[in-house]
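Next come the chains, spelled out residue by residue.
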2 protein chains.
Amino acid sequence: MLDAAARVFARSGFHDASMDAVADEAGVSKPMVYTHGGGSKEELFARCIRREAERLLTSVSGGIGSPDPETRLYRGLRAFFTTVTTHREGWMVLYRQARAGTFAGEVFSARSRIVTRVAELLADSSVDPAAAMPVASTLVGAAEGLADWYFDGGTGTPDDLAAQLMSVVWPGLAALRAGHAWSPTDVGTERVTDS
Amino acid sequence: MLDAAARVFARSGFHDASMDAVADEAGVSKPMVYTHGGGSKEELFARCIRREAERLLTSVSGGIGSPDPETRLYRGLRAFFTTVTTHREGWMVLYRQARAGTFAGEVFSARSRIVTRVAELLADSSVDPAAAMPVASTLVGAAEGLADWYFDGGTGTPDDLAAQLMSVVWPGLAALRAGHAWSPTDVGTERVTDS
DNA sequence: CACTCTATCTACTGATGCGTAAAGTAGCGA
DNA sequence: TCGCTACTTTACGCATCAGTAGATAGAGTG
């Protein structure tokens, strides 16, 4: 039931998906969708969101155990890309359909938990957890961007994708851990004109 | 008119926003919204999307002129964060509300143009433009992630945000340009178990 | 004042789709 | 055969808007 709903919602979004379509996809009648789906369209969608968010958080959190931040991050990214590519429709529901409208709050809190988890992956004695939050949010966004590229015809195994992301971010993260932040030394500082 | 529509759409999303609400926000009556807004809700929303996408692309593209990729990227990022923080509701419409549903295609093509533009910012004689696409998609995602953090209570000027993003990504990009990709040498390669 | 044109409003129609009620059917144990 | 459960089909009530038709107001002109 939730699988069918996730497929329909992933395809059409919350508003454009009808409960009749969910019923068809699940191979049952509409009253059954209400009996076993929570009693309303909102609740059904919320259940899909919660399940996918939980799946993603569990995946990223699990099997991380390592004292080395580099290893932790790589494993977390690998888990992320594995789950996302395996449960494509879950990803579509969570990050493309659910972020707008009534459920933005629910998705936002789910995303916050993942960002916090990533901040933990980065942190150790040499990194302040609070300072890690913007970096973690950046990383999660980067992973989403690479996932977008993948779903738009990009190729590669989850391991490849994780390694590619590590190529982009790890040198910078290592430098930050060593206290070396980037600054626009001789890059020019003219104001940006904004339309 | 478009400003009012963008505010309402940013707040509620396409479906949950009513034309009455747009009319109220603009201080006119509903038929006026149809007369001056394109004749349909879809067209009004599409105009908002196109305007914001154009604004962002113009901003990122303009004032880049430099032979140095590092400078180009920093300036592009600075322009991005300037525009996004200045036109908050435009950002909300474009990247949070419009990606789902009927307008996913329109937003997707707008985003593609920006990603392509970023790939050009990265490219020079030593970088293959095609290979730059996943990296550009990653970067755009990272910028979105940092913007998300900012809009959720993060602080900093656009220059700070751009510099922070450079800290994370530039060392990795420089290494990639020199031919040094990250690989999981001694990081462990156990399979990820997926629920 | 009369006439007209344009801009605007109030109030309605029509369609869509959520959610449910009613009536029928198949399986199953006693 | 009875009753119970689970499900189906069909049909409908009801609310919410998108979009429009007809009324109204103001302003310029003679």
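Residues numbered from 1 in each chain as written. Chains lettered and ligands numbered in written order. Predicted model: local features only at pLDDT ≥ 70, side-chain atom pairs only at ≥ 80, totals over all residues. Heavy atoms only, no water.

J.: Residues and numbers for the overall build of chain A, please.
T.: Counting its regular elements, chain A contains nine helices and zero strands. Secondary structure elements in chain A, listed N-terminal to C-terminal, are α-α-α-α-α-α-α-α-α. Along the first, second and third principal axes, the C-alpha set of chain A runs to 65 × 50 × 35 Å. Partitioning the contacts of chain A with sequence separation of at least 6, the portion at a separation of at least 24 is 64%. (Helix = DSSP H or I, 4+ residues; strand = E, 2+ residues; numbered from the N terminus. Contact = heavy atoms within 4.5 Å.)

J.: For the protein's contact with DNA strand D, give the residues involved together with the corresponding values.
T.: Near DNA strand D, the surroundings consist of 14 residues, among which M32 of chain A together with M19, K30, Y34 and K41 of chain B are the closest. At the protein interface, 59% of the atoms of DNA strand D within 4 Å belong to sugar or phosphate. With respect to DNA strand D, the backbone of M19 of chain B contributes an N or O atom lying 2.8 Å from a phosphate oxygen. Residue assignment for the surface near DNA strand D shows that the elements contributing at least two residues are α3 (30-36) of chain A together with α3 (30-37) of chain B. (Near = heavy atom within 4 Å. Polar contact = N/O pair within 3.5 Å; in protein donor to acceptor, adjacent residues only side chain to side chain.)

J.: Describe the relation of the copies chain B and chain A, naming the residues involved and giving the relevant values.
T.: When chain B is brought onto chain A, the operation consists of a screw motion whose angular component is 179° and whose axial shift is 0.0 Å, with 0.2 Å RMSD remaining. Expressed as an axis order, the relation between the two copies is that of a two-fold axis. Counting the interface residues of chain B, we find that 100% of their copies in chain A are interface residues as well, pointing to one common contact surface. (Least-squares fit on C-alpha atoms with pLDDT ≥ 70 in both.)

J.: I'd like a rundown of the confidence of the model for chain A, residues and numbers included.
T.: Here chain A averages 88 in pLDDT, while 94% of its residues score no lower than 70. Here helix α6 (residues 88-97) of chain A stands out as the least confident element of chain A, with mean pLDDT 87; helix α9 (residues 158-177) of chain A is the most confident, with 95. (pLDDT = per-residue confidence, 0-100.)

J.: Give a description of the nonpolar core that names residues and reports values.
T.: Ranked by internal contacts, the top residues of the largest apolar core, which has 128 residues, are F9, F81 and L173 of chain A together with F9, F81 and L173 of chain B. Not counting chain neighbours up to four residues away, the residues in contact with F81 of chain A comprise A143, L146, A147, P158, L161, A162 and L165 of chain A. (Core = buried A, V, L, I, M, F, W, Y, C linked by side-chain atoms within 4.5 Å. Buried < 20%, exposed > 50% of the residue type's maximum accessible area, 1.4 Å probe, protein only.)

J.: Break down a nonpolar patch on the surface for me, citing the residues and quoting the values.
T.: Residue and element names in this part refer to chain A. Nonpolar side chains collect at one region of the surface, where M1, V28 and M32 lie side by side and expose about 210 Å² of accessible area between them. Within the secondary structure layout, M32 lies in helix α3. Given the relative accessible area of 32%, M32 is considered partly exposed. (Patch = residues over 30% accessible without salt bridge, like charges linked within 9 Å, V, L, I, M, F, W, Y side chains within 5 Å. Areas by Shrake-Rupley, 256 points an atom, 1.4 Å probe, with all protein chains shown as cover. Salt bridge = Lys/Arg side-chain N within 4 Å of Asp/Glu carboxyl O.)

J.: Hey, could you go over the interface of chain B and chain A for me, with residue numbers and the actual values?
T.: Accessible area lost during the coming together of the parts is what is often quoted as the interface size. Each partner contributes to the interface: chain B provides 58 residues, whereas chain A provides 58 residues. Approximately 5100 Å² of surface area, both sides summed, lies buried where chain B meets chain A, with 55% of it carried by carbon and sulfur atoms. Run the count over chain B and chain A and you get ten residue pairs in polar contact (both at pLDDT 80 or more). Looking at the side of chain B that touches chain A, the elements with two or more residues in it are α1 (2-16), α5 (69-86), α6 (88-97), α7 (104-122), α8 (129-151) and α9 (158-177) of chain B. Residue composition of the side of chain B that touches chain A, grouped by class: 24 nonpolar, 20 polar and 14 charged. (Buried area = accessible area lost by both parts, 1.4 Å probe. Nonpolar A, V, L, I, M, F, W, Y, C, P; charged D, E, K, R; others polar.)

J.: An account of the protein's contact with DNA strand C is needed here, citing residue identities and associated values.
T.: Around DNA strand C sit 14 residues in total, of which M19, K30, Y34 and K41 of chain A together with S29 of chain B are the nearest. The contact atoms of DNA strand C, taken as those within 4 Å of the protein, divide so that sugar and phosphate hold 53%. Interatomic distance of 3.0 Å between a side-chain N/O atom of K30 of chain A and a base nitrogen of DNA strand C. A distance of 3.1 Å separates a phosphate oxygen of DNA strand C from a polar atom in the side chain of Y34 of chain A. Those elements giving two or more residues to the surface near DNA strand C turn out to be α3 and α4 (41-61) of chain A together with α3 of chain B. When its residues are assigned to classes, the surface near DNA strand C shows seven nonpolar, four polar and three charged.

J.: Tell me what's going on with the pattern of salt bridges, and back it up with residues and numbers.
T.: Pairs can form between side chains of opposite charge once their charged atoms are near each other. According to the stated counting rule, one finds 33 salt bridges over all chains in the structure shown. Notably, a salt bridge pairs R113 of chain A with E54 of chain A, separated by 3.6 Å at the nearest N-O pair. Of the two residues, R113 of chain A sits in helix α7 (residues 104-122) while E54 of chain A sits in helix α4, which places them 59 residues apart along the sequence. The exposure class of R113 of chain A is partly exposed, given its relative accessible area of 40%. Note that R47 of chain B is salt-bridged to E43 of chain B, the shortest N-O span being 3.1 Å. Remark: E43 of chain B and R47 of chain B occur in helix α4 (residues 41-61); sequence separation between them is four residues, near one turn of the helix. Taking the relative accessible area as the measure of exposure, R47 of chain B reaches 34% and is therefore partly exposed. Its relative accessible area of 25% is what places E43 of chain B among the partly exposed residues. What you see here is one network of salt bridges that share partners, running through R96 and D148 of chain A together with R99, R111 and E144 of chain B.

J.: Any chance you could break down helix α2 (residues 19-26) of chain B for me, citing the residues and the numbers?
T.: All names here are of chain B. Within α2, burial applies to M19, V22 and A23. With its buried residues spanning 100° around the axis, α2 presents them on a single face. Looking at the residues trailing α2, positive phi occurs at G27, about 75°. (Arc of directions from axis to C-beta.)

J.: Residue-level account of the packing of α6 of chain A against helix α8 (residues 129-151) of chain A, with values.
T.: Residue and element names in this part refer to chain A. It is at 12 Å that the axes of α6 and α8 come closest, and there the two elements cross at 125°. The angle between α6 and α8 places the two elements in the oblique class. In the crossing of α6 with α8, the sense of the turn from one axis to the other is left-handed. Taken together, the residues of α8 that come into contact with α6 (itself represented by R88, W91, M92, Y95 and R96) are E144, A147, D148 and F151. When the residues that make up the contact of α6 with α8 are grouped by side-chain class, the tally is five nonpolar, no polar and four charged. (Axes fitted to C-alpha atoms, helices over the stretch in contact; angles between N-to-C directions. Parallel < 35°, antiparallel > 145°, perpendicular 65-115°, else oblique. Left-handed = near helix turned anticlockwise from the far one by under 90°.)

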